[in-house]
Amino acid sequence: MNETAGLRYRRQNRHDVISDHPADRVRKGNGLKEPPAMSGCWEANAKLRLAHRLYEDAVAGPESIANIGESAQYEVTCGRPLGIRVGPNGTLFVADAYLGVFEVNPTTGESTRLVAGGQEVGGRKLLFINDLAVTQDGKKVYFTSSSSRWQRRNYLHLIMEASADGRVLEYDTESGELSVVMDNLRFPNGIQLLPDEESVLVAETTVARIRRVHVAGLNKGGMDTFVDNLPGFPDNIRPSSSGGYWVAMSAVRPNPGFSMLDFLSQRPWIKKLLFKLFSQDAMMKFVPRYSLVAELHDGGICSRSFHDPNGLVVAYVSEAHEHDGSLYLGSFRSPYLAKLDLSLV
């Protein structure tokens, strides 16, 4: 796609970032603060262990509900779907980390590529497309590009590097125009449209926070903080039936306790040494398995949270999708989905 085909890069003015947190609590490096105490709404429990697994060993890394990934060996050529949404006419919009953004007819299997992965937009490549959100009329698709340096198969390098090269982009399904809405984000991951469709929530995984990016209206091009300093690293964001948002976290920052990712974020020389000594799979073993799903409301207020310490039943949780009184739990690594009956918790 070129300029005449509808590709345009929209530069933004300097973003107005609002934070209510004292600057003296911000650590150097990737911006992580001292982890909050896991008390009150965040107090540890084992409620996620009441879930039961679905399609065990029949799926591989179902990151977003109803999609199946391939092994890392074939990801670049076969693709790796990470985000999926239902459009207004019943088609599926799918974000593939490598291949791009697609619209798929679930009845016929016919697919149309809307955005090609790997293409250059605004001088930087779309190397790691992650999640997406679609307006009710289907005219706008917003999606996250987690990095222009690392691909999904090297996601741990992105986490350790904590670089601010992620973006939110907008695709106009009528004109074919593709534009940058927000840049300089740190591992933008899950994305969720707010009800007025003038802004989106975006999880910045490596700094444990969720931003609100204004994509339409008077504040278009601006950004503020929805919630900062979460006790875990957020992945996908999905709406709850009570008007809030389900946020999935596959790793936590225990306080009291020890967080390996927080520790390494302040010691880049140790990170470089570890990557020389260990593979990415081996590095994952240094991060304790702990799944956490929280329901957040306006102001980033936590109303309830469900935990699985050690990930005994639900491991590497990536998404919590609510439907008909249950939470369906996706995972970026586990060979199963899980279903949690909300009446039990």
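This report concerns the structure included in the present document.

**Description of the state of the cysteines**
Overall, the coordinates contain 1 disulfide when judged by the stated rule. A sulfur-sulfur separation of 2.0 Å characterises the disulfide bridge that pairs Cys41 with Cys302. On the sign convention where negative is left-handed, the bridge of Cys41 and Cys302, at about -55° about the S-S bond, is left-handed. With Cys41 in the segment before strand 1 (52-54) and Cys302 in strand 19 (residues 301-309), this residue pair connects regions lying 261 residues apart in the sequence. On the basis of relative accessible area, Cys302 is assigned to the buried category, the value being 15%.

**What about the pattern of salt bridges?**
Summed over the entire model, instances satisfying the criterion amount to 11 salt bridges. Between Arg209 and Glu204 there is a salt bridge whose closest N-O contact spans 2.5 Å. Here the salt bridges do not stand alone but share partners, grouping Asp131, Arg238 and Glu319 into one network.

**Here's the deal with the side chain of Thr135**
Relative to the assigned elements, Thr135 resides in the loop between strand 8 (129-134) and strand 9 (140-145). A distance of 2.8 Å separates a polar atom in the side chain of Thr135 from a polar atom in the side chain of Asp137. Among the polar contacts listed, one links the side chain of Thr135 to the backbone nitrogen of Lys139, at a separation of 3.3 Å. Non-local contacts of Thr135, meaning those with residues more than four positions away in its chain, are made with Pro88, Lys140, Tyr142, Leu193 and Glu197.

Scoring rules and cut-offs
Residues numbered from 1 in each chain as written. Predicted model: local features only at pLDDT ≥ 70, side-chain atom pairs only at ≥ 80, totals over all residues. Heavy atoms only, no water. Disulfide = S-S within 2.5 Å. Helix = DSSP H or I, 4+ residues; strand = E, 2+ residues; numbered from the N terminus. Buried < 20%, exposed > 50% of the residue type's maximum accessible area, 1.4 Å probe, protein only. Salt bridge = Lys/Arg side-chain N within 4 Å of Asp/Glu carboxyl O. Polar contact = N/O pair within 3.5 Å; in protein donor to acceptor, adjacent residues only side chain to side chain. Contact = heavy atoms within 4.5 Å.

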